[in-house]
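# Observations on the model geometry
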2 protein chains.
Amino acid sequence: MMTPPSVFIIFTLHMKLTLIGAGKLGKQLYYEFVKHPSIELIEWIDRSSNSKQTAEGIKITKSLDSLQKAEIYLMAVNDDAIPSVSSQLPSNEFVIHTSGGTPMTAISQKRKGVFYPIQSFSSNRTIDFSQITFGLESTTENDFKILQKLAQSLYAKTIQLNSLQRQGLHLAAVLVNNFTNHLFSHAAKVCEQNELSFDILQPLIQETVDRLNLISPDEAQTGPAIRRDQKTITEHLRIIEDPELKKLYQLLTKSIQNYHGS
Amino acid sequence: MMTPPSVFIIFTLHMKLTLIGAGKLGKQLYYEFVKHPSIELIEWIDRSSNSKQTAEGIKITKSLDSLQKAEIYLMAVNDDAIPSVSSQLPSNEFVIHTSGGTPMTAISQKRKGVFYPIQSFSSNRTIDFSQITFGLESTTENDFKILQKLAQSLYAKTIQLNSLQRQGLHLAAVLVNNFTNHLFSHAAKVCEQNELSFDILQPLIQETVDRLNLISPDEAQTGPAIRRDQKTITEHLRIIEDPELKKLYQLLTKSIQNYHGS
């Protein structure tokens, strides 16, 4: 008796996608989507563009009125614009947003989802999407699989987050990214006032981050505040010229001391 | 006529060094000093040790009374202890401290200097000294050369800093290391409250640091504060449970807005 030959058929299904928005995130998503053969970008809604087509041959649309059919309508728009943009999109399609702080329910379609990149996007900085984790949320298991497939197409990792968890993570992201960066701004200014390059602090900044791989931030806390080294604290407050920085220094010092036992 | 053969004599001069202090920095300096053949560690003053000798065969001394002669007496002691420890050291020798916030004049010897590592030292974390920049200060050019030679022995970089510059840099280090780490503590707590691993934020934290290689922190500022996204700010303040974090969030948001134009 003969064994029939095994036949493997690999279906490489394209994901037909419409991208809405051309801000910092929209632009990076655009360049990412056109890179991956498994994603078929149908059109890109960019209100500010006067071209009809991108350099990569993708159709540019200014209006939301007569969109082509797609599997996913991805909104990379301001949080505030999510409800109104969603209401202008086809009502029976799968519509998703990318916001950390906006509940999924801001989308009016029955088939809704969230595709939140846990990363900060600046102009002139290309993000490696394979290093990103996307926080996913949807109402059905099937739509969740579509979101997972989209992330996999970008070689990105995923985590399931409900709207409350996503909001908490977004708050944490503000602390470690936006607020930390603001402290870097003040540090750079202090360096400048002392005719020093901010680059000197780079290894210290890297160490601040690297040691989190081994110890928790609570264990990693050092410095005059936790040591209750009042002499150094007083000296620092004396040399700070900027009243804003003085207030930040005082509150952060007090907060470290309260956090680590009174 | 015959050319005389060239004779190269390489003098590998040992630096005879006495290390005072066995705290976080003292311990790491000890393990670093014994690694380098060009440094001859004469004795290590560790008041808390009951041994007479380290595993590496270095003499441990508890008292400062009868120290052997060394080229450098390096104090890795608390800022407050610098004047009293210095006053107990040989008056005609070269005595240096390692403090960011203490003026060189806290040392009573005529030959004084500063060897300030621009880095944060935690327990259980070994620092790669070749990645450190030491801020150096001394009263004579000759002593400055000795400090440079000491740093070079550790393959470390150096920068000349006067006491005011060093104090400014120490303030900036508190901002980028201690205060940033405290924000990480709060972020880790928010993640925990949402049953999420703090590790999810690692790529975002790394990006926050990496982009400083390309753009300034002022240019890198993003987030609800600089966007004046009052809706997100109000939502974040609503979900923050910790009153300390609430105060920090409010002040940092206000500070970002004031810093980046009103």
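Just so you know, these numbers come straight off a predicted model, no measurement behind them.

Analysis parameters
- Along each chain, the written sequence defines residue order, and numbers are assigned to residues from 1.
- Whichever chain is written first is A, and whichever ligand is written first is 1; the rest continue in order.
- pLDDT decides what is reported in this predicted model: residues at 70 or higher carry local features, side-chain atom pairs at 80 or more are listed and counted, and totals for whole chains, interfaces and linings draw on all residues regardless.
- Runs of E in the DSSP output that reach at least two residues are strands. Runs of H or I that reach at least four are helices, and both are numbered from the N terminus.
- What the globule rule says is 2.2 Å times the number of residues to the power 0.38, and the radius of gyration is computed from C-alpha atoms.
- Three classes are used. A residue is buried when 20 or more other C-beta atoms lie within 10 Å of its own, exposed when 12 or fewer do, and partly exposed in between, with C-beta atoms placed from the backbone.
- We call two residues in contact when their backbone-placed C-beta atoms lie within 7 Å.
- Each domain's limits were defined by an automated method or a database of domain assignments.
- Three residue categories are used. Nonpolar comprises Ala, Val, Leu, Ile, Met, Phe, Trp, Tyr, Cys and Pro, charged comprises Asp, Glu, Lys and Arg, and polar comprises the others, including Gly.
- At least two DSSP bridges between two strands are needed for those strands to be called paired.
- Residues reaching a pLDDT of at least 70 in both copies supply the C-alpha atoms on which the copies are superposed by least squares.
- Axis definition: a line fitted to C-alpha atoms, over the contacting stretch in the case of helices. Angles run 0 to 180 degrees between N-to-C directions.
- For this classification, under 35 degrees means roughly parallel, over 145 means roughly antiparallel, 65 to 115 means roughly perpendicular, and everything else is oblique.
- Defined on buried residues, the nonpolar core groups Ala, Val, Leu, Ile, Met, Phe, Trp, Tyr and Cys residues joined through C-beta atoms within 7 Å.
- By definition here, a helix of n residues has an expected span of 1.5 Å times n minus one.
- This arc is built from the directions going out from the helix axis to the C-beta atoms.

## Focus: the overall build of chain A
Looking only at helices and strands, chain A features nine helices and eight strands. For chain A, whose C-alpha radius of gyration is 24 Å, the value lies well above the compact-globule estimate of 18 Å for 262 residues. In terms of overall dimensions, chain A has a C-alpha envelope of 85 × 60 × 35 Å along the principal axes. Counting across all 262 residues of chain A, residues that qualify as buried make up 42%. A separation threshold of at least 6 residues defines the contact pool for chain A, and within that pool the share at least 24 residues apart is 50%.

## As for the domain arrangement of chain A
All names here are of chain A. When the domains of chain A are assigned, the result is domain 1 (15-161) and domain 2 (167-259). Spacing between the C-alpha centres of domain 1 and domain 2 amounts to 36 Å. Contacts between the two partners involve six residues from domain 1, matched on the other side by five residues from domain 2. Classifying every residue of the side of domain 1 that touches domain 2 by side-chain character gives two nonpolar, four polar and no charged.

## Observations concerning the pairing of strand β7 (residues 133-138) of chain B
Residues and elements named next belong to chain B. In terms of burial, β7 is a largely internal element, six of the six residues being buried. Where burial is concerned, the two faces of β7 agree: the one with Thr133, Gly135 and Glu137 and the one with Phe134, Leu136 and Ser138 are both buried. Pairing geometry for strand β6 (residues 112-117) and β7, over five bridges, is antiparallel. In the sheet register, Pro117 faces β7, and the bridge partner there is Phe134. The pairing of β7 with strand β8 (residues 157-160) spans four bridges and is classified as parallel.

## Overview of the interface of chain A and chain B
The interface is formed by 78 residues belonging to chain A together with 77 residues belonging to chain B. Those elements that provide at least two residues to the side of chain A that touches chain B are α4 (163-193), α5 (202-210), α6 (217-220), α7 (224-227), α8 (230-239) and α9 (243-259) of chain A. Here the side of chain A that touches chain B takes 25 residues from α4 of chain A, the largest share from any one element. Class assignment of the residues belonging to the side of chain A that touches chain B gives a composition of 38 nonpolar, 29 polar and eleven charged.

## Re the relation of the copies chain A and chain B
The operation relating chain A to chain B is a screw motion whose rotation component is 180 degrees, with 0.0 Å of axial translation and a residual RMSD of 0.0 Å. Both copies of the chain, as the preceding transformation shows, are related through a two-fold rotation axis. For chain A, the minimum C-alpha distance to the rotation axis belongs to Thr180 of chain A and amounts to 2.7 Å. Taken as a fraction of all interface residues of chain A, those also at the interface in chain B reach 99%, which identifies the copy contact as same-surface.

## Things to note about α5 of chain A
Of the residues making up α5 of chain A, those classed as buried are Pro203, Leu204, Ile205, Glu207 and Thr208 of chain A. For α5 of chain A, the elements touching its buried residues are α4 (163-193) and α5 (202-210) of chain B.

## Digging into the sheet that holds strand β5 (residues 95-97) of chain B
All names here are of chain B. The eight strands are arranged β3-β2-β1-β4-β5-β6-β7-β8 in an open sheet whose pairing can be described as mixed. Of all the strands in the sheet, the pair left with one neighbour each is β3 (59-61) and β8. Put simply, the sheet's adjacent strands are angled 30 degrees from each other on average, direction ignored. Looking at chain direction, strand β1 (residues 15-20) and strand β2 (residues 39-45) are connected through six bridges and run parallel. What sits directly across from Thr18, in β2, is Glu43.

## Overview of the sheet that holds strand β4 (residues 72-75) of chain A
All names here are of chain A. Taken in spatial order, the eight strands of this open sheet run β3-β2-β1-β4-β5-β6-β7-β8, and their pairing is mixed. Taken across any chain shown, the strands that pair with only one partner, and hence form the sheet edges, are β3 (59-61) and β8 (157-160). Ignoring which end each strand starts from, the neighbouring axes of this sheet average 30 degrees apart. Pairing geometry for strand β1 (residues 15-20) and β4, over four bridges, is parallel. Counted as the bridge partner of Leu19 is Leu74 from β4. Its contacts with the sheet put helix α1 (residues 24-33) on β1 and β2 (39-45), and the angle it makes with β1 is roughly 155 degrees.

## Considering unusual backbone geometry
One non-glycine residue, Arg228 of chain A, adopts positive backbone phi at about 50 degrees. Tracing the sequence through the fold places Arg228 of chain A in the loop between α7 and α8. The backbone phi angle of Glu195 of chain B is positive, close to 55 degrees, even though this residue is not glycine. Mapped onto the secondary structure, Glu195 of chain B falls in the loop between α4 and α5.

## Considering the packing of α5 of chain A against α5 of chain B
Viewed as axis vectors pointing N to C, α5 of chain A and α5 of chain B meet at an angle of 180 degrees, and their least axial separation amounts to 10 Å. On the basis of their axis angle, the class for α5 of chain A and α5 of chain B is roughly antiparallel. Contacts from Ile205, Gln206 and Val209 of chain A in α5 of chain A reach Ile205, Gln206 and Val209 of chain B in α5 of chain B. Its residues assigned to classes, the contact of α5 of chain A with α5 of chain B comprises four nonpolar, two polar and no charged.

## Points about the nonpolar core
Counting residues in hydrophobic clusters, the biggest one holds 132 residues, and the most contacted among them are Leu19 and Ala187 of chain A together with Leu19 and Ala187 of chain B. Not counting residues within four places of it along the chain, the set of residues in contact with Leu19 of chain B comprises Gly26, Leu29, Tyr30, Phe33, Leu41, Trp44, Ile45, Leu74 and Ala76 of chain B.

## Focus on the packing of α5 of chain A against α4 of chain B
When two helices pack together, their arrangement is given by the angle between their axes and by how far apart the axes lie. Direction vectors running N to C along α5 of chain A and α4 of chain B enclose 10 degrees, while the axes themselves pass 9 Å from each other. Put simply, α5 of chain A runs roughly parallel to α4 of chain B. Contact with α5 of chain A, carried on its side by Leu204, Ile205 and Thr208 of chain A, involves Ala173, Val176, Asn177, Thr180 and Asn181 of chain B of α4 of chain B and no other residues of that element. Of the residues belonging to the contact of α5 of chain A with α4 of chain B, the class tally is four nonpolar, four polar and no charged.

## Quick look at helix α9 (residues 243-259) of chain B
Compared with an ideal rise of 1.5 Å per residue, which puts 17 residues at 24 Å, α9 of chain B spans 24 Å between its outermost C-alpha atoms and is within 8% of the ideal. The set of residues buried in α9 of chain B consists of Leu245, Leu248, Tyr249, Leu252, Thr253, Ser255 and Ile256 of chain B. In a view along the axis of α9 of chain B, the buried residues occupy a sector of 165 degrees, so they form one face of it. If you follow the buried residues of α9 of chain B, they end up packed against α4 and α9 of chain A together with α4, α7 (224-227) and α8 (230-239) of chain B. Just beyond α9 of chain B, the residue with positive phi is Gly261 of chain B, at close to 75 degrees.

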